[in-house]
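# Summary of structural features
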Amino acid sequence: MLDFEDTIARDQRIEPRDPMPEAYRKTMIRQIAQHAHSEIIGMQPEGEWITRAPTLRRKAILLAKVQDEAGHGLYLYSAAETLGADRGDLTTRLIEGRQKYSSIFNYPTLTFADVGVIGWLVDGAAICNQVPLCRSSYGPYGRAMIRICKEESFHQRQGYELLMTMMRGTDVQREMVQDAVNRWWWPSLMMFGPPDGDSPNTAQSMAWKIKRHTNDELRQRFVDMSVPQAVSLGVTLPDPALRWNEERGHHDFGTPDWDELKRVISGDGPMNAARITRRRQAHEDGAWVRAAAAAHARKKAS
Amino acid sequence: MSFDDAYGALTDHDDDTRWAYGTGFADPLAGVPAAIPPGVDRAALAEYCLMLGDDALIMSHRLQQWVTLAPELEDEVAIANIALDLLGQARLLLTRAAEASADVAPAPAAASSAAAPAPVAASSAAGDAPVAASSAAGDASTGARGEDALAFGRGPAEFRNVQLVERADADFAHLVARLLAFATWRLAVLDRLRDTADPILAAVATKAVKELTYHREYAAHWVVRLGDGTDESHSRMQSAIDALWPLLAELDHEPSPLAPTTWRPEFNAILSQVLTAATVAEPAAAPAESSAAAPAESSAAAPAESSAADASLSTEAPDAVSAVDDAAEMSLPGATLPPTHRGGGGGGARAANFEISPLAESGRDGVHTPALAEILDEMQGLARSVPGGVW
């Protein structure tokens, strides 16, 4: 494993055929699979609004976005397969609750403003999390992340643009936007994971260079980025403790409800059961189709 | 690792070409003259664009309902892609319809204020006056446009799509059967419209031909895989074709004078070729019950209760092309249908004046199954519920 440590020390990529510690391989598979699952489950909250989008342009943008997420899921599963994982097996683990996905997708999308706020805050938080992952020491993952981050930045700009447009609309629309911001702000902060003191895997992941910043560093970056955007938009972020700290050069902000995060992660969020049920239903309904494709391919090969 | 500097990549926003047709970043009709040429009947152009646009819009809606429910991730991507292509076609065609004639747009009273009718150029006294260039794409600032007035402001009787596109799919076999028929038909029709007199319709057709070629190929491959795959998939594919067949007769009822009339042989030949490869039998005649007019389930992915499938299974493929011809001819109503009266008696009266036979119930005349009303409730509900909203 001298090669592995040398490669890491020189800030070079680990590639699929390189020797690597088994723990590194397992950690990478878990990280990439959770990310892939998040893309696929993440299609659902916004996907519910495609057929109901209020203009054809918004419908097209949303449909393209959800299609992008399916594409992200596809190439992330492919990256996991370079480590010896199997897509079908990973899907089974997701459906059986043995692997996680981002807790953010366990909240409901109640109005069309949620589509905009997911683009602005949720995709914004995802970008803060993911841009450093483009420098992940595992090559296939880092390269996949570059493309994903570019597309996520499209999504974020489109979400923000929808909110800007709605804020120029009627009072009802402005209330929809503020209500959506109120509901999504704290869950977005939780997307960075538990506080550093409570994140046991961080040290090893940073040493292996599969993680480049701590949870709290990224969370701070996201808050600092979002505050001026909220001002431009004309919405209030629902945190009375939020204020600029001249001394630190950062915003101070309140403490997320970590008990809520634990509940949602452990399966007790508002939409956990519905999300997994739908994914399982699609998988089971498609079983005969996949079996047919496999049978046809076997006949053609023989 | 400067070669893959992600922060740099995030500011590289010049590659909008990767966005699918119709998402609003590039004008797919750039450079195409927008004026309606002298000699083109504006009313007829508007009506035909409306028909073709409605077909694409409603078919796209049914495909959108499959999102997150596809059997495999590759199909998630493909189905969303096809839905997006058709939505893009619908936007351009509805915009053109509104430009060509204000008569196709819903009356202000009927339209919600969320979708105020905004035909860019009302038909003027000078029929050949240049129309203000306005494509659906690339214009984010104006919320009220022709396409949205037409999509969100009309009721079911004002939609002109064929009933084929309305039907909900009982399972994936029903989806790919319907998509095969739709894409094959539409490709044959639009291929023949590439040199039609209106430059915008011709440009839309040219662009759409490339897209539909892929849609047809995608559907055909799945029909073959399912027909040939397992006993279960074969049985489901056969039921799907049986259920599809009665819907095909309507395609021959094409009231527009602009519609190509020579698409049938190509359509029949392609379907025969695909069904033969799939070892699926073509139904010799339409089933007795009128499944075309039956109310469809709103759920897009209800498991199929394949009932009569086994009974109609046949291992012998009959003469494929003639079977299609027979099925079509025995139910061909076109010549005996009353002509379409748009703007004459109003939407409700139109259907009532017909002597209703199953075959007179053409979506082209505004006669639809209850499935369309369900689709429109879903599609238009939000737009109509926020008066004055801008999106």
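Reference entry: report on the structure contained in this document.

So, how was this worked out
Residues numbered from 1 in each chain as written. Chains lettered and ligands numbered in written order. Predicted model: local features only at pLDDT ≥ 70, side-chain atom pairs only at ≥ 80, totals over all residues. Heavy atoms only, no water. Helix = DSSP H or I, 4+ residues; strand = E, 2+ residues; numbered from the N terminus. Contact = heavy atoms within 4.5 Å. Areas by Shrake-Rupley, 256 points an atom, 1.4 Å probe, with all protein chains shown as cover. Rg over C-alpha atoms; globule rule 2.2 N^0.38 Å. Lys, Arg positive; Asp, Glu negative; His and termini not counted. Charge placed at Lys NZ, Arg CZ, Asp CG, Glu CD. Axes fitted to C-alpha atoms, helices over the stretch in contact; angles between N-to-C directions. Left-handed = near helix turned anticlockwise from the far one by under 90°. Nonpolar A, V, L, I, M, F, W, Y, C, P; charged D, E, K, R; others polar. Buried area = accessible area lost by both parts, 1.4 Å probe. Salt bridge = Lys/Arg side-chain N within 4 Å of Asp/Glu carboxyl O. Polar contact = N/O pair within 3.5 Å; in protein donor to acceptor, adjacent residues only side chain to side chain. Phe/Tyr/Trp six-rings, centres within 6.5 Å; stacked < 30°, edge-to-face > 60°. Buried < 20%, exposed > 50% of the residue type's maximum accessible area, 1.4 Å probe, protein only. 1 Å grid on protein atoms, 1.4 Å probe; cavity = no way out; pocket = protein on both sides within 12 Å on 5 of 7 lines; lining within 4 Å. Points joined across faces, edges and corners; volume = space filled by probe spheres on them. Core = buried A, V, L, I, M, F, W, Y, C linked by side-chain atoms within 4.5 Å. Expected span 1.5 Å × (residues − 1).

### Some details on the overall build of chain B
Along its length, chain B carries 12 helices and zero strands. N-terminal to C-terminal, the α/β element order of chain B is α-α-α-α-α-α-α-α-α-α-α-α. In chain B, once contacts between residues fewer than 6 apart in sequence are set aside, the share between residues at least 24 apart is 84%. Put simply, chain B shows about 14500 Å² of open surface, and 56% of that area lies on carbon and sulfur atoms.

### Details of the overall build of chain A
Helices and strands together make up the secondary structure of chain A, namely 13 helices and two strands. For 302 residues, the compact-globule estimate of 2.2 N^0.38 gives 19 Å, and the C-alpha radius of gyration of chain A, at 20 Å, lies within 12% of that figure. For the C-alpha atoms alone, the extent of chain A along its principal axes is close to 65 × 50 × 30 Å. Restricting the contact set of chain A to residue pairs at least 6 apart, pairs at least 24 apart contribute 77%. When the accessible area of chain A is evaluated, it comes to approximately 12100 Å², of which 53% is carbon and sulfur surface. In chain A, the 40 positive side-chain charges and the 39 negative ones have mean positions that sit 7 Å from each other.

### Remarks on the packing of helix α6 (residues 199-228) of chain B against helix α8 (residues 264-277) of chain B
Residues and elements named next belong to chain B. α8 packs onto α6 with a crossing angle of 35 degrees between their chain directions and a minimal axis gap of 8 Å. Judged by the sense of rotation from one axis to the other, the crossing of α6 with α8 is right-handed. Of the residues in α8, those in contact with Arg216, Ala220, Val223 and Val224 of α6 are Glu266, Ile270, Val274, Leu275 and Ala277. A breakdown of the residues in the contact of α6 with α8 according to their chemical character gives seven nonpolar, no polar and two charged.

### A short note on the interface of chain A and chain B
Often, the extent of an interface is quoted as the loss of accessible area on bringing the components together. In this assembly, 68 residues from chain A lie in contact with 66 residues from chain B. Buried surface at the junction of chain A and chain B, both sides included, amounts to about 5900 Å², of which 68% is carbon and sulfur. Seen at the junction of chain A and chain B, the total is three salt bridges. Lys299 of chain A serves as the salt-bridge partner of Asp228 of chain B, at 3.7 Å between the closest nitrogen and oxygen. Counting across the interface, chain A meets chain B through 12 residue pairs in polar contact (both at pLDDT 80 or more). Broken down by secondary-structure element, the contributors of at least two residues to the side of chain A that touches chain B are α3 (43-47), α4 (56-81), α7 (139-167), α8 (171-190), α12 (272-285) and α13 (287-301) of chain A. The dominant element in the side of chain A that touches chain B, judged by the number of residues it contributes, is α4 of chain A, at 16 residues. Here the side of chain A that touches chain B is built from residues that sort into 33 nonpolar, 15 polar and 20 charged.

### Describing the packing of aromatic side chains
All names here are of chain A. Applying the stated criterion across every chain, the model contains 14 aromatic pairs over all chains. With centroids separated by 4.9 Å and ring planes inclined at 70 degrees, the aromatic side chains of Phe4 and Tyr24 adopt a geometry described as edge-to-face. Separated by 20 residues along the polypeptide, Phe4 in helix α1 (residues 2-9) and Tyr24 in helix α2 (residues 22-41) bring together distant segments of the chain. Of the two residues, Phe4 and Tyr24, neither departs from the other in class, the shared state being buried.

### Notes on the pattern of salt bridges
Pairs can form between side chains of opposite charge whenever their charged atoms are close. Residue and element names in this part refer to chain A. In this structure the tally under the stated criterion is 36 salt bridges over all chains. Arg58 is the salt-bridge partner of Glu161, the closest N and O atoms lying 3.1 Å from each other. On the criterion of sequence distance, the pair formed by Glu161 in helix α7 and Arg58 in helix α4 is long-range, its members being 103 residues apart. One salt bridge connects Asp123 with Lys65, and the closest N-O pair in it is separated by 2.7 Å.

### Thoughts on empty space enclosed by the protein
Residues and elements named next belong to chain A. What the rule picks out here adds up to four cavities of 30 Å³ or more. Approximately 120 Å³ is the volume attributed to the largest cavity. Considering the residues around the largest cavity, the lining is formed by 13 residues, among which Ile61, Leu62, Val115, Gln158 and Gly159 are closest to the centre. Counting only elements with at least two residues in the lining of the largest cavity, the list comes to α4, α6 (113-130) and α7. Residues belonging to the lining of the largest cavity are distributed by class as follows: five nonpolar, five polar and three charged.

### Some words on the environment of Pro45 of chain A
All names here are of chain A. Relative to the assigned elements, Pro45 resides in helix α3. When the C-alpha positions of Pro45 and Phe105 are compared, they lie 6.7 Å apart, and in sequence the two are 60 residues distant. Look past the residues within four positions of Pro45 in its chain and what remains in contact with it is Phe105, Thr109, Ile118 and Arg275.

### Description of the nonpolar core
Of all hydrophobic cores here, the largest spans 190 residues; its most connected members are Trp120 of chain A together with Phe172, Leu226 and Met237 of chain B. For this core, the leading source of residues is helix α3 (residues 73-100) of chain B, giving 16 residues. Leaving out residues up to four positions away in the same chain, Trp120 of chain A has contacts with Gln156, Gly159, Tyr160, Leu163, Val181, Ser226, Gln229, Ala230, Leu233, Val235 and Leu237 of chain A.

### What about helix α5 (residues 172-191) of chain B?
Residues and elements named next belong to chain B. An ideal rise of 1.5 Å per residue puts 28 Å on 20 residues; α5 measures up with 27 Å between its terminal C-alpha atoms. For α5, a buried count of 19 out of 20 residues is recorded, marking the element as mostly surrounded by other parts of the structure. Among the residues of α5, the N-terminal cap falls to Asp171, whose side-chain oxygen and the backbone nitrogen of Ala173 are separated by 3.0 Å.

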